[in-house]
Amino acid sequence: MSKTLPKDFLMGGASAAYQVEGATKEDGKGRVLWDDFLEKQGRFSPDPAADFYHRYDEDLTLSEKFGVQAIRVSIAWSRIFPDGAGKVEQRGVDYYHRLFASCAKHNVIPFVTLHHFDTPERLHNEGDWLSQEMLDDFVEYAKFCFNEFKEVKYWITINEPTSMAVQQYTSGTFPPAESGRFDKTFQAEHNQMVAHAKIVNLYKSMNLGGEIGIVHALQTVYPYSDTPGDKHAAALQDALENRLYLDGTLAGEYHKETLSLVKEILDANNQPMFKYTDEELAELSKAAHQLDFVGVNNYFSKWIREYNGASETIHNGTGAKGTSVARLHGIGEEKKPDGIETTDWDWSIYPKGMHDILMRIHNDYPLVPAIYITENGIGLKESLPENATDDTVIDDPKRIDYLKKYIGAIADAINEGANVKGYFIWSLQDQFSWTNGYSKRYGLFFVDFPTQKRYIKKSAYWFKKLSETHVIS
Ligand code: BGP
């Protein structure tokens, strides 16, 4: 029998400003941490991305047609405050009002993220999430948005605080590209949680009648085997990537065992424990008690085994299968059990991981009222057939297969009690990928980047049917 989703389950598509808008130098937009980094790297440019800055109405027209009832967008902080704080750029403000009006016209609900990896350049240079100035300016920017964009009813404070911190300071794939600095990673994680909490508490005190949440990257971590060493290594990896965050934002307190795992990682690397104050902990607790929802981004799971060597990470940024390496000193190494299917970017395809992380939130973090899947999908190498016409439909059976399995796992978790209220596919249309450029496509809608023409993928038809029937078939 086919699995089904609840009748009021929301079907959405996800995006992020820097990955879709393009127009990075238009209408007074300020520079962000990526501009210089990508220019120096010389591999790919964030322009034109999906040219969403000019084509949002076209994409929202497609969304309405294909059963996409909600869309995740982010506001580019540097379009509103080009320098991170101070002078407001009215053209940026006007753009987002136009975007939200287009959402309303097409019956698409916007879920709006305030920070999706795109820190303004000046604040990044002053220490990014490690600087107090950044934290204060972020709260001010959020306050401005809440007062200005009253048409928005769903807010997300920060997208994937863990990925940001880990990629900035542990694996070095995001600017400033430092590696092995677990002390900076944990401090940046904590600081983001405090900023998030202050913003939740502020929003709730404003009584604007909307909802607010946070989005976490939660890759389920399993021990490679049942040995105590592998189990402990998995617990350490989980503390780095999931547990500290889940505790801080969903329970509003760091559990003793979580802190002891964090300290163990730092001790092994001769690095100091992150700093936190009682006042900050009180802020976290207050926010966790008022949070409306948590967003879960889950693509893959990890298996970790004991490892005692030096840190070494090789990021697969080209889609050359089998090239990823991740071994972290004081934690463990990634090793997939035989038989686990992977994408070209070595991401495991493991729907049970989605189910398990949802049940963990349901069981271990009872304060959370609701869960949305805010990102899930598969990156594929796709191209336009040579003889393509305007009506060409791109065949993407692997995506349909992936979605069926993962959304099926979500339906299972809902049946077991998890309050999952919606699903956003990553991504709505093909977009710019931070570390893979334009070769890793996730969209329901294919974007021919040179012409910016949109083509429909078969998965969009599949998605439309699911959105209309709520039957996964
Ligand atoms: C998430 C980010 C997204 C998006 C996605 C896919 O971590 O929130 O912004 O990029 O991952 O990642 P990638 O483009 O590296 O495949």
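Let us look at the structure shown here. If you're wondering where the values come from, they're calculated on a predicted model, not measured in any experiment.

1. Topic: the site of the ligand
Point 1. Taken together, the neighbourhood of the ligand is formed by 14 residues, with Q19, E160, S433, K440 and Y442 sitting nearest.
Point 2. At a separation of 2.7 Å, an oxygen atom of the ligand approaches a polar side-chain atom of K440.
Point 3. Coverage of the ligand by the protein chains reaches 90% of its 380 Å² of free accessible surface.

2. What about the sheet that holds strand β12 (residues 332-334)?
Point 1. Pairing is mixed across the open sheet formed by five strands, whose spatial order is β7-β9-β12-β11-β10. Each having just a single partner strand, β7 (220-223) and β10 (312-314) make up the two edges of the open sheet. Taken pair by pair, the neighbouring strands of this sheet meet at an average axis angle of 25°, ignoring direction.
Point 2. As paired elements, β7 and strand β9 (residues 301-305) share four bridges and run parallel to each other. Paired with Y222 across the two strands is W303, which belongs to β9.
Point 3. Packed onto the sheet, helix α13 (residues 351-364) meets β7 and β9 and runs at close to 105° relative to β7.

3. So, the nonpolar core
Point 1. In this structure, W34, I75, Y96, F149, W155, L358 and Y423 are the most contacted members of the largest nonpolar core, which totals 147 residues.
Point 2. In terms of residue count, the dominant contributor to this core is helix α9 (residues 182-206) (eleven residues).
Point 3. Not counting the four nearest positions on each side in its chain, Y423 is found in contact with F9, L10, M11, G12, I373, N376, L403, I407, I410 and F463.

4. As for the environment of G67
Point 1. Assignment of secondary structure puts G67 in the loop between α3 (52-65) and β3 (70-74).
Point 2. The spacing of G67 and D136 is 69 residues in sequence and 39 Å in space, taken between C-alpha atoms.
Point 3. Those residues in contact with G67 that lie beyond four places of it in its chain are M11, F463, K464 and S467.

5. Some thoughts on the packing of aromatic side chains
Point 1. Using the criterion set out here, one finds 44 aromatic pairs in the structure.
Point 2. Measuring from ring centre to ring centre gives 4.8 Å for F300 and W347, while their planes differ by 50°; the resulting arrangement is tilted. In this pair, F300 sits in the loop between β8 (293-297) and β9 while W347 sits in the loop between β12 and α13, placing the two residues 47 residues apart along the sequence.
Point 3. With a relative accessible area of 26%, W347 lands in the partly exposed category.
Point 4. Site record: aromatic cluster; members linked through ring pairs are Y18, W34, F37, F44, F117, F174, F432, W434, Y438 and F449.
Point 5. One cation-aromatic arrangement involves R441 over F446; the distance from NZ or CZ to the ring centre is 4.0 Å.
Point 6. Positioned above the aromatic ring of Y455 is the side chain of K453, whose terminal nitrogen or guanidinium carbon lies 4.8 Å from the ring centre.

6. A few points about the side chain of N298
Point 1. As for its position among the elements, N298 is in the loop between β8 and β9.
Point 2. Contacts of N298, omitting those with residues within four sequence positions, involve L218, Q219, T220, G353, M354, I357, E375, N376, Y402 and Y406.

7. Here's the deal with α3
Point 1. The largest bend in α3 comes to about 30°, at E58.
Point 2. If you check which residues of α3 are buried, you get F52, Y53, Y56, D59, L60, L62 and S63.
Point 3. Of the surrounding secondary structure, the elements contacted by the buried residues of α3 are α1 (17-20), β3, α4 (77-80), α5 (90-105), β16 (445-448) and β17 (453-457).
Point 4. Looking one or two residues beyond α3, the residue adopting positive phi is G67, at roughly 75°.

8. What to know about the pattern of salt bridges
Point 1. Within this structure, the stated rule accounts for 37 salt bridges.
Point 2. A salt bridge links E257 to R243; its shortest N-O distance comes to 3.5 Å. Of this pair, E257 sits in helix α11 (residues 256-268) while R243 sits in helix α10 (residues 228-251); the two residues are 14 residues apart in sequence, bridging distant segments of the chain.
Point 3. The exposure class of R243 is buried, given its relative accessible area of 18%.

9. Details of the packing of α9 against α10
Point 1. Remark: α9 packs on α10, axes separated minimally by 10 Å, with the N-to-C direction vectors making an angle of 25°. Compared by their axis directions, α9 and α10 come out roughly parallel. α9 and α10 meet at a crossing whose hand is right-handed. On α10, the residues that touch F182, T185, F186, E189, Q192, M193 and H196 of α9 are A239, L240, L244, Y245, G248 and T249.
Point 2. Along the lines of polarity and charge, the residues of the contact of α9 with α10 split into seven nonpolar, five polar and one charged.

10. Re the pairing of β3
Point 1. With five of five residues buried, β3 lies mostly within the body of the structure.
Point 2. Going residue by residue along β3, you find A70, R72 and S74 tucked away on one face and I71 and V73 tucked away on the opposite face as well.
Point 3. Examined bridge by bridge, strand β2 (residues 10-14) and β3 share three bridges and lie parallel to one another. In the strand pairing of β3, G12 is matched with A70.
Point 4. In terms of strand pairing, β3 meets strand β4 (residues 109-115) through five bridges, oriented parallel. Residue pairing for β4: A70 is matched across the bridge by I109.

The rules behind the values
- Within each chain, residues carry numbers counting from 1 in the order of the written sequence.
- Selection of residues for local features in this predicted model requires a pLDDT of at least 70, selection of side-chain atom pairs for listing and counting requires 80 or more, and totals for whole chains, interfaces and linings are taken over all residues.
- The side-chain numbers reported here are obtained from all heavy atoms of the structure, hydrogens and water having been left aside.
- Note on terminology: near, applied to a residue and a molecule or strand, indicates that one of the residue's heavy atoms is within 4 Å of it.
- Definition of a polar contact: a pair of N or O atoms within 3.5 Å, with one able to donate and the other able to accept a hydrogen when the atoms are protein atoms, and with sequence-neighbouring residues admitted only if both atoms are side-chain atoms.
- Accessible areas in this description were obtained via Shrake-Rupley with a 1.4 Å probe; residue shielding takes into account the shown protein chains only.
- One requirement defines pairing of two strands: DSSP has to find at least two bridges between them.
- Under the scheme used here, helices are H or I runs from DSSP no shorter than 4 residues and strands are E runs no shorter than 2 residues, and both carry numbers assigned from the N terminus.
- Each axis is a line fitted through C-alpha atoms, and for a helix only the stretch in contact is used; angles between axes span 0 to 180 degrees, taken between their N-to-C directions.
- By definition in these notes, contact holds between two residues if any of their heavy atoms fall within 4.5 Å.
- By convention a nonpolar core is built from buried Ala, Val, Leu, Ile, Met, Phe, Trp, Tyr and Cys residues, the set being connected through side-chain atoms within 4.5 Å.
- Partly exposed describes any residue whose relative accessible area lies between the buried limit of under 20% and the exposed limit of over 50%, with all areas from a 1.4 Å probe on protein chains only and scaled to the type maximum.
- Pairing of aromatic rings covers Phe, Tyr and the six-membered ring of Trp, with a centre-to-centre limit of 6.5 Å; geometry is then stacked below 30 degrees between planes, edge-to-face above 60, and tilted otherwise.
- We call a charge positioned over a ring when the NZ of a Lys or the CZ of an Arg lies within 6 Å of the ring centre and within 35 degrees of the ring normal.
- What we call the bend at a residue is the angle made by axes fitted to the seven residues finishing there and the seven residues starting there.
- Definition used for salt bridges: Asp or Glu carboxyl oxygen within 4 Å of a side-chain nitrogen of Lys or Arg.
- Should an angle fall under 35 degrees it is taken as roughly parallel, and over 145 as roughly antiparallel, whereas 65 to 115 is taken as roughly perpendicular and any remaining angle as oblique.
- With the far helix as reference, a near helix turned anticlockwise by less than a right angle produces a left-handed crossing, and one turned clockwise produces a right-handed crossing.
- Note on residue classes: Ala, Val, Leu, Ile, Met, Phe, Trp, Tyr, Cys and Pro are nonpolar, Asp, Glu, Lys and Arg are charged, and everything else, Gly too, is polar.

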